[in-house]
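# Chain and residue survey
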Amino acid sequence: MGQTLTEILDAAAEGRFPPPDGGTTVVPQEHRRDAGVLAFTAHSVVFTDEDPDWVHATLAALDCDALAATMNPRFLAALLDRTGRGTDTIDLLTVAAPLPGRPALELVETTDPDHPRVRRAQRRRDDVRVWSADGGVLVLGRGVAGRWEAAIEVDEAVRHRGLGRELARAARHLVPGGQPVWSQQAAGNARSIRAFQAAGYRPVGSEALMLPRNR
């Protein structure tokens, strides 16, 4: 098992996961912006600059299934209170290998730094790039531990035509340097989950990302 968050994520992208031993590994943040929790099968990773002893003691004090402790609302709330951070939801974390060549979907890249989708993405990613298609938007940027992350939006008027799947697949062609591309989907967003899995993204775990409250 890797010793840093980057090493753990790189291994997961290749299908190699932490041991399913019911344990929790605490690793330092790799960016001051990003802290949070990753839950793989029967092993969790908490990435924070807080005291690991505090993390383990807080988990041990919970009255819940030990395998679910890191995603228990009481632990997440305690970590948010201790760090002064905020979060939105627990996401399904998915990843896909890059694809060669250009995407089949016709896309136009925006270079407007004041584009609302660019400004929103920059709150949680670096090196943000945004492309638009007829009725949809694709965003790529470097997120947690520098990984490339994709996000998509599809207009309601053009849903159920496969555009979400094509946008998600296009990200696999556009990701730089032959690197894997990651994406998070809220557990209740069935449309997005179906689109990304249809585009070849596979689930690797769940993630609760915690960001500074002023972002």
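Now for a quick tour of the structure. (Residues numbered from 1 in each chain as written. Predicted model: local features only at pLDDT ≥ 70, side-chain atom pairs only at ≥ 80, totals over all residues. Heavy atoms only, no water.)

## Let's talk about the environment of Ala66
Heads up, the rule is: Elements are defined by DSSP. Helices are runs of H or I of four residues or more, strands are runs of E of two residues or more, and each kind is numbered from the N terminus. Relative accessibility thresholds used throughout: buried, under 20% of the residue-type maximum; exposed, over 50%; partly exposed, between the two (1.4 Å probe, protein chains only).
With respect to the helices and strands, Ala66 occurs in the loop between helix H2 (52-60) and helix H3 (73-83). Overall, the relative accessible area of 62% leaves Ala66 in the exposed class.

## Some points on the nonpolar core
Which entries qualify depends on this criterion: Buried residues of nine kinds, namely Ala, Val, Leu, Ile, Met, Phe, Trp, Tyr and Cys, make up a nonpolar core once their side-chain atoms join them within 4.5 Å. In this description, contact between two residues means that some pair of their heavy atoms is separated by no more than 4.5 Å.
Counting residues in each nonpolar core, the largest one holds 22 residues, and the members touching the most others are Leu107, Leu138, Leu167, Val181 and Tyr201. Breaking this core down by element, the ones donating at least two residues are strand E7 (126-133), strand E8 (136-142), strand E9 (148-154) and helix H5 (163-174). Looking at this core, the element that brings in the most residues is H5, giving 6 residues. The residues contacting Leu167, other than those within four sequence positions of it, are Leu105, Leu107, Ala133, Gly136, Val137, Leu138, Ile152, Glu153 and Val154. Core analysis: the second largest hydrophobic core is formed by 17 residues, Val45, Val95, Val144 and Leu209 among them.

## Section: the side chain of Arg85
Applied cut-off: His residues and chain termini do not enter the charge count, which takes Lys and Arg as positive and Asp and Glu as negative. Salt bridges are defined by distance alone: a side-chain nitrogen of Lys or Arg within 4 Å of a carboxyl oxygen of Asp or Glu. Any pair of nitrogen or oxygen atoms within 3.5 Å is treated as a polar contact; in protein, a donor-acceptor pairing is required on top of that, and neighbouring residues in sequence qualify only through side-chain atoms on both sides.
Within the secondary structure layout, Arg85 lies in strand E4 (residues 85-86). There is no salt bridge for the buried Arg85, and the closest opposite charge comes from Asp34, which lies 6.1 Å off by N-O distance. A polar atom in the side chain of Arg85 sits 2.6 Å from the backbone oxygen of Arg33. Engagement of the side chain of Arg85 in a polar contact is seen with the backbone oxygen of Met210, the distance being 2.8 Å. Leaving out residues up to four positions away in the same chain, Arg85 has contacts with Gln29, Arg32, Arg33, Asp34, Ala35, Leu80, Met210, Leu211, Pro212 and Arg213.

## Observations regarding helix H1 (residues 5-13)
When we look at burial in H1, the residues that qualify are Leu5, Ile8, Leu9, Ala11, Ala12 and Ala13. The inward-facing, buried residues of H1 abut strand E1 (23-27), strand E2 (35-40), strand E3 (43-47), strand E5 (90-96), strand E10 (181-186) and strand E11 (202-212). Two residues or fewer after H1 comes Gly15, characterised by a positive phi angle close to 85 degrees.

## Considerations on empty space enclosed by the protein
Selection criterion: Computed over the protein atoms alone on a 1 Å grid, cavities are sets of points where a 1.4 Å probe fits but cannot get out and pockets are open sets with protein on both sides within 12 Å along at least five of seven lines; a residue lines them when it has an atom within 4 Å of a point. Grid points are joined across faces, edges and corners, and a volume is the space filled by probe spheres set on the points. Charged means Asp, Glu, Lys or Arg here, nonpolar means Ala, Val, Leu, Ile, Met, Phe, Trp, Tyr, Cys or Pro, and polar covers whatever is left, Gly included.
Using the criterion set out here, one finds 1 cavity of 30 Å³ or more in the structure. Estimates place the volume of the largest cavity at around 30 Å³. In this structure, the largest cavity is lined by Leu5, Gln29, Glu30, His31, Asp34, Phe47, Val144 and Ala145. Here the lining of the largest cavity is built from residues that sort into 4 nonpolar, 2 polar and 2 charged.

## A closer look at the pairing of E11
Our working definition: Two strands qualify as a pair provided DSSP detects at least 2 bridges between them.
Taken across its 11 residues, E11 has 8 buried, putting it largely inside the fold. As defined by bridge partners, E2 adjoins E11 across 5 bridges and the pair is classed as antiparallel. Bridge pairing in E11 places Leu38 opposite Glu207. Bridging between E5 and E11 involves 6 bridges; their strand directions are antiparallel. Residue Leu92 lies in a different strand from E11, and its bridge partner there is Ser206.

## Notes on the side chain of Ser183
Inspection of the secondary structure puts Ser183 in strand E10. We classify Ser183 as buried; its relative accessible area is 1%. In terms of polar contacts, Ser183 uses its side chain to reach the side chain of Gln185, at 3.2 Å. Non-local contacts of Ser183, meaning those with residues more than four positions away in its chain, are made with Leu92, Leu93, Thr94, Ala150, Phe196 and Tyr201.

## Some points on the packing of H2 against H3
Heads up, the condition is: Fitted lines through C-alpha atoms give the axes, limited to the stretch in contact for helices. The angle between two N-to-C directions lies from 0 to 180 degrees. By definition, any crossing whose near helix is turned counterclockwise from its far helix by less than a right angle is left-handed, and any crossing with a clockwise turn is right-handed.
Here H2 crosses H3 at 150 degrees, and the two axes come no closer than 10 Å. Handedness of the crossing formed by H2 with H3: right-handed. For the pair formed by H2 and H3, the contact residues are Trp54, Val55, Thr58 and Leu59 on the first element and Phe75, Ala78, Leu79 and Arg82 on the second. Grouping the constituent residues of the contact of H2 with H3 by class yields 6 nonpolar, 1 polar and 1 charged.

## Some thoughts on the packing of H5 against helix H6 (residues 190-198)
Quick note on the threshold: Just so you know how the angles are binned, under 35 degrees is roughly parallel, over 145 roughly antiparallel, 65 to 115 roughly perpendicular, and the rest oblique.
The N-to-C vectors of H5 and H6 enclose an angle of 50 degrees; their axes lie 8 Å apart at closest approach. What the angle tells us is that H5 and H6 run oblique. Relative to H6, H5 is oriented so that their crossing is right-handed. On the side of H5, the interface is formed by Gly164, Arg165 and Ala168, while H6 contributes Ala195, Phe196 and Ala198. Of the residues assigned to the contact of H5 with H6, the class counts are 4 nonpolar, 1 polar and 1 charged.

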